[in-house]
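Structural overview for review
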Amino acid sequence: MSVQSADKTRAGITEKSTSRDALSSFHSANQVGSGGRDRSNTETVLSVQHVKKRIKRKMIIHDVTFDVRAGEIFGFLGPNGAGKTTTIRMLVDLIKPTEGTITVCGHNVNRDPEQALRHIGSIVENPEVYSYLTGWENLEHFARMQPGVDEQRIREVVELVRLDRRIHDKVSTYSLGMRQRLGIAQALLGRPKLLILDEPTNGLDPKGIKEMRAFIRLLAAEGMAVFVSSHLLSEIQLLCDRVAIISRGKVLAVGGVRELVETHSHMAVWQLEPRDQGLAILQNSPHVQMITNADELIDDSIVAGSGADAIFTEMDEEHIAELVTQMTASGISVKGVTKINPTLEQLFLKMTEGEILE
């Protein structure tokens, strides 16, 4: 579902531009005033403050608060039933919050939706396109609903999403990834300052995912605020500057990806002989927390490759050496210690108690 402004206009005809021209055009349209000051990382484009949503008598969203700034990629993570999709629908005024405020570029989404939505391009759930039309005809159709979108702008967004070779083919012949790119092109027509993408890499092969990641980074580098909802945690860690983790309608954490991950203790996998004596030392150490649900918190490949006798612990890296020394002095053979660097997935699973992602 794509959400755009509904103002109608006829598309004009101008000369073809290049992808570089398209980015320059976008960049110019996303500056402050006539001075051309870059707003990246300073201006708050989207502000969600104390938002709640009640459906009938059930509170679905509890006091959700976060901001998204210009020039950053913001990830929104949540397991099944967390309230992720409900929140996104409130951002684009598809449903109303029970309490709280949502503003886009200073405009209240509920009180002044026309002005707020003018700054938003979004794909909620799946791109809605007409399969019996060509990609170009789809974009022409949506361009007529927005002021100031002419043929030059259509050419710009087509080249930005790299559909120029297939844009005049019927959408019915497109792959799922191509439909996704066409949906993004549609969302970019109105030169939005906030782009909301729900599962943007859905259906893409590894090469397509890499290209989509590079494309999103390019948009952010030019000053656009990008809000990404995804279940691919490793992709979010590679892509996003900051994230919000939501579970059961509550935001559990908001912060920089590196900042959040680094606050999470490292994990270590121990191979000890005799195992029971080594296990006793680890259990008695004040610096060690035993992991009993490794299959829920650690990648399956690591668990499977560690063997049945492996001992999984959570601890700061600095204490590993002293524990190895203590075990050696006690006659315990340390066959191996494998450090597992913290990941966003481990943090997510720990904070949401192993809930399944959407």
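What comes next concerns the included structure.

Reading the values: rules and limits
Residues numbered from 1 in each chain as written. Predicted model: local features only at pLDDT ≥ 70, side-chain atom pairs only at ≥ 80, totals over all residues. Heavy atoms only, no water. Axes fitted to C-alpha atoms, helices over the stretch in contact; angles between N-to-C directions. Helix = DSSP H or I, 4+ residues; strand = E, 2+ residues; numbered from the N terminus. Parallel < 35°, antiparallel > 145°, perpendicular 65-115°, else oblique. Contact = heavy atoms within 4.5 Å. Nonpolar A, V, L, I, M, F, W, Y, C, P; charged D, E, K, R; others polar. 1 Å grid on protein atoms, 1.4 Å probe; cavity = no way out; pocket = protein on both sides within 12 Å on 5 of 7 lines; lining within 4 Å. Points joined across faces, edges and corners; volume = space filled by probe spheres on them. Pairing = 2+ DSSP bridges. Phe/Tyr/Trp six-rings, centres within 6.5 Å; stacked < 30°, edge-to-face > 60°. Buried < 20%, exposed > 50% of the residue type's maximum accessible area, 1.4 Å probe, protein only. Lys, Arg positive; Asp, Glu negative; His and termini not counted. Salt bridge = Lys/Arg side-chain N within 4 Å of Asp/Glu carboxyl O. Polar contact = N/O pair within 3.5 Å; in protein donor to acceptor, adjacent residues only side chain to side chain. Arc of directions from axis to C-beta.

Viewed as axis vectors pointing N to C, helix α6 (residues 176-188) and helix α7 (residues 206-221) meet at an angle of 10°, and their least axial separation amounts to 13 Å. Of the possible angle classes, the one that applies to α6 and α7 is roughly parallel. Here Q180, R181, I184 and L188 of α6 come into contact with α7, specifically with M212, F215 and L219. Of the residues contributing to the contact of α6 with α7, the split by class is five nonpolar, one polar and one charged.

Time to look at the layout of surface pockets. Taken as a whole, the largest pocket encloses approximately 340 Å³ of empty space. For the lining of the largest pocket, a count of residues per class yields eight nonpolar, four polar and five charged. Estimates place the volume of the second largest pocket at around 160 Å³. Sorting elements by how many residues they give to the lining of the second largest pocket places strand β5 (residues 58-69) first, with four residues. Split into classes, the residues belonging to the lining of the second largest pocket amount to three nonpolar, six polar and four charged.

Before going further, it helps to examine the sheet that holds strand β7 (residues 99-104). Strand order across the open sheet formed by four strands is β5-β4-β7-β8, with antiparallel pairing between neighbours. This sheet does not close on itself; its edge strands, each paired only once, are β5 and β8 (107-108). Pairing analysis gives two bridges linking β7 to β8, with the strands arranged antiparallel. Residue T103 lies in a different strand from β8, and its bridge partner there is N108.

One key point about sheets: their strands pair by backbone hydrogen bonds, in either a parallel or an antiparallel sense. Strands sit in the order β15-β16-β14-β17 across an open sheet of four strands; the sheet is antiparallel. Either end of the sheet is taken by a strand with one partner, and the two such strands are β15 (289-290) and β17 (333-340). Here strand β14 (residues 267-273) pairs with β17 via seven bridges, running antiparallel. Looking at the pairing, A268 lines up with K339 of β17. Helix-sheet contacts for helix α10 (residues 275-284) involve β14, β15 and β16 (311-314), and the interaxial angle to β14 is about 145°.

Here we take up the packing of aromatic side chains. This model, assessed by the stated rule, comprises seven aromatic pairs. Centroid distance F76 to F227: 5.3 Å. Interplanar angle 40°. Geometry classified as tilted. Taken together, the residues F76 in strand β6 (residues 73-77) and F227 in strand β11 (residues 225-229) connect sequence positions 151 residues apart. Considered together, F76 and F227 belong to a single accessibility category, that of buried residues. Ring geometry for Y130 and Y132: centres 5.9 Å apart, planes at 55°, overall tilted.

All right, on to the pairing of β14 then. Counting buried positions over the seven residues of β14 gives five, a clear majority of the element. Bridge count for β14 against β16 is four bridges, and the pairing is antiparallel. Residue pairing in the sheet places A268 in a bridge with T313 of β16.

Quick look at the pairing of strand β13 (residues 250-256) now. With six bridges connecting them, strand β12 (residues 242-247) and β13 associate as antiparallel partners. If you follow V243 over to β13, its bridge partner there is G255. Where β12 folds back on β13, the antiparallel hairpin that results is connected by two residues, among which R248 adopts a positive phi of roughly 50°.

By the secondary structure assignment, K53 is in strand β4 (residues 44-55). One buried charged residue, K53, forms no salt bridge at all, with the nearest opposite charge on D93 at 9.7 Å. A polar side-chain atom of K53 sits 2.6 Å from the main-chain carbonyl oxygen of K96. Discounting residues that sit within four places of it in the chain, K53 has contacts with K58, M59, I60, I61, T86, M90, I95, K96, P97 and T98.

Further remarks concern helix α4 (residues 135-143). Listed in full, the buried residues belonging to α4 are G135, W136, N138, L139, F142 and A143. For α4, the angular spread of buried residues about the axis comes to 160°, placing them on one side. Its buried side turned inward, α4 meets α5 (151-160) and α6.

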